[in-house]
Structure formats: C-alpha cells, structure tokens
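Here is how the chains run, residue by residue.
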Amino acid sequence: MSTKTIDVPSDSQCIDFLWEAGCKKRVVVHCATVRAVAEVIADGIPEADKDLVIAGALLHDIGRSKDHTIMHAYIGSQIAQKLGLCNELVEIIRKHTGAGLDQDDVKEFGLPAGDYMPSTLEEKIVAHADNMVSDNRVVSYMHSVDKLAGKGAQKGADRVATLHKELSGLFGRDLDTIIDEIGEYPKLKGVKAD
C-alpha cells in the first residue's frame, strides 16, 4: 500500500465545487451517478486510488458549468487548476471524454493542444464510469459504443470497447454486472436525484 501524497477533496467539497462553479442540478446528479459506478470499480481494483477516483468522478463534468460541448473537459481542467486542485484531478477531468481523444480528434474538435488520452488507472476508471452513465441512469458500455458509432466516431467507439475489456479484466468480471449490483438508478451520496 502506498502513502497518500496528494490532497484530494472530500465528497462534500466536490459537490460544493460543482454548485459554486454554476453546475445545474442535472449535471450534479450525473456526476454523483458516475461517482457511484466509479466507486464500485475502484473497490474491485485494489491498485486504484479510491479517493482520487471518487473525487475525479464527482468533478469530471465541472466544465459543464460553462460549456456543454466537447470543450467542457478542457474548461473543467482549467477550473480545477484555478481551484488549486492537484494535477492528478486536473488530468482526470481533462481526459475523461469517451475513452480519450487522440490527436486527430483534438485537431478536429479545435481543442487546445495536449494529451487527452487517459493513461493512469484512475483516469481510465473515471472515463469509463462516465461511459456507463447516461444522464443519471447506469447503462451498459454498449450504450456509449453505439452512440459514438452512430455519430460516425468508430475509433472512439472502439476505444470505449477496448477500455471496457481492459478494466473488466482488472476488475475480474464484466463491468456491466455493476448495473445488477447497484441498479440503473443507484442511491446517490451527497445529492438527491429527484
């Protein structure tokens, strides 16, 4: 077991950051739902820094307080930096879109130059937990695969499927079984879905 060297905000601090940034309730509920999925994944992969995963899941869409395009991930990373959050959280937020964006995607979407591919275990868990949540409903990863393929983003769809397989292998079972474990509308911590 490693010693914690980064300061990670608590659940309530993360929820406060979302509200203070101007996120709508729908976004906060979505983030809390992603947190529920990410926590189960982190519990099943002991190498993951669970506190970092939970904070990253809660804060991944903080950029939606300002923008609802693909740019929200970059904007969110900038908000996180201004809040003085650790670089690990900044990177989780910037790299959470789909299963990452390659350099062709970055150029096509007009994003600032940089690496948008999740590489750490925690970045991958948050990105994929987000792939398994549609609004506030936990769904199969195929929901994201089909959505991306339907938009003509086959490379992105393939990356989501590959990430699902990788994390399922580390988890020891198909991550889609999480739906049976926590339900499509899991009990949320720190926020009410109504």
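What counts, and at which threshold
Residues numbered from 1 in each chain as written. Predicted model: local features only at pLDDT ≥ 70, side-chain atom pairs only at ≥ 80, totals over all residues. Heavy atoms only, no water. Helix = DSSP H or I, 4+ residues; strand = E, 2+ residues; numbered from the N terminus. Rg over C-alpha atoms; globule rule 2.2 N^0.38 Å. Buried < 20%, exposed > 50% of the residue type's maximum accessible area, 1.4 Å probe, protein only. Contact = heavy atoms within 4.5 Å. Areas by Shrake-Rupley, 256 points an atom, 1.4 Å probe, with all protein chains shown as cover. Lys, Arg positive; Asp, Glu negative; His and termini not counted. Charge placed at Lys NZ, Arg CZ, Asp CG, Glu CD. 1 Å grid on protein atoms, 1.4 Å probe; cavity = no way out; pocket = protein on both sides within 12 Å on 5 of 7 lines; lining within 4 Å. Points joined across faces, edges and corners; volume = space filled by probe spheres on them. Nonpolar A, V, L, I, M, F, W, Y, C, P; charged D, E, K, R; others polar. Salt bridge = Lys/Arg side-chain N within 4 Å of Asp/Glu carboxyl O. Phe/Tyr/Trp six-rings, centres within 6.5 Å; stacked < 30°, edge-to-face > 60°. Lys NZ or Arg CZ within 6 Å of the ring centre and 35° of its normal.

Counting its secondary structure elements, the protein chain contains 10 helices and two strands. For 194 residues, the compact-globule estimate of 2.2 N^0.38 gives 16 Å, and the C-alpha radius of gyration of the protein chain, at 15 Å, lies within 12% of that figure. Principal-axis analysis of the C-alpha atoms gives the protein chain an extent of 40 × 40 × 35 Å. Counting every position in the protein chain, which comprises 194 residues, the buried fraction comes to 52%. Counting only contacts in the protein chain whose residues sit at least 6 apart along the sequence, the fraction spanning at least 24 positions is 67%. Carbon and sulfur atoms provide 51% of the accessible area of the protein chain, an area that totals close to 9400 Å². Taking the 23 positively charged and 31 negatively charged side chains of the protein chain as two groups, their mean positions are separated by 4 Å.

A volume near 980 Å³ is recorded for the largest pocket. Mapped onto the lining of the largest pocket, the elements with two or more residues apiece are helix H2 (25-44), helix H6 (103-109), helix H7 (121-131), strand E1 (133-134), helix H8 (141-150) and helix H9 (154-171). Of the residues assigned to the lining of the largest pocket, the class counts are eight nonpolar, 14 polar and 12 charged.

Let us look at the pattern of salt bridges. Within this structure, the stated rule accounts for 18 salt bridges. Across the salt bridge formed by Lys95 and Glu91, the nearest N and O atoms sit 3.4 Å from each other. Across this residue pair, the class does not change: Lys95 and Glu91 are buried. The salt bridge partner of Lys124 is Glu166, with a shortest N-O separation of 2.8 Å. Taken together, the positions of Lys124 in helix H7 and Glu166 in helix H9 put the pair 42 residues apart, joining distant regions of the chain. Through salt bridges with shared partners, one network takes in Asp11, Arg35, Glu39, Asp43, Lys50 and Lys189.

Turning our eyes to something else, we now look at the packing of aromatic side chains. Inspection of the entire model under this criterion finds zero aromatic pairs. For the cation-ring pair, Arg94 lies above Tyr116, with the distance from its terminal atom to the ring centre recorded as 5.2 Å.

Remember that the coordinates give geometry; whether it matters functionally is a separate question.
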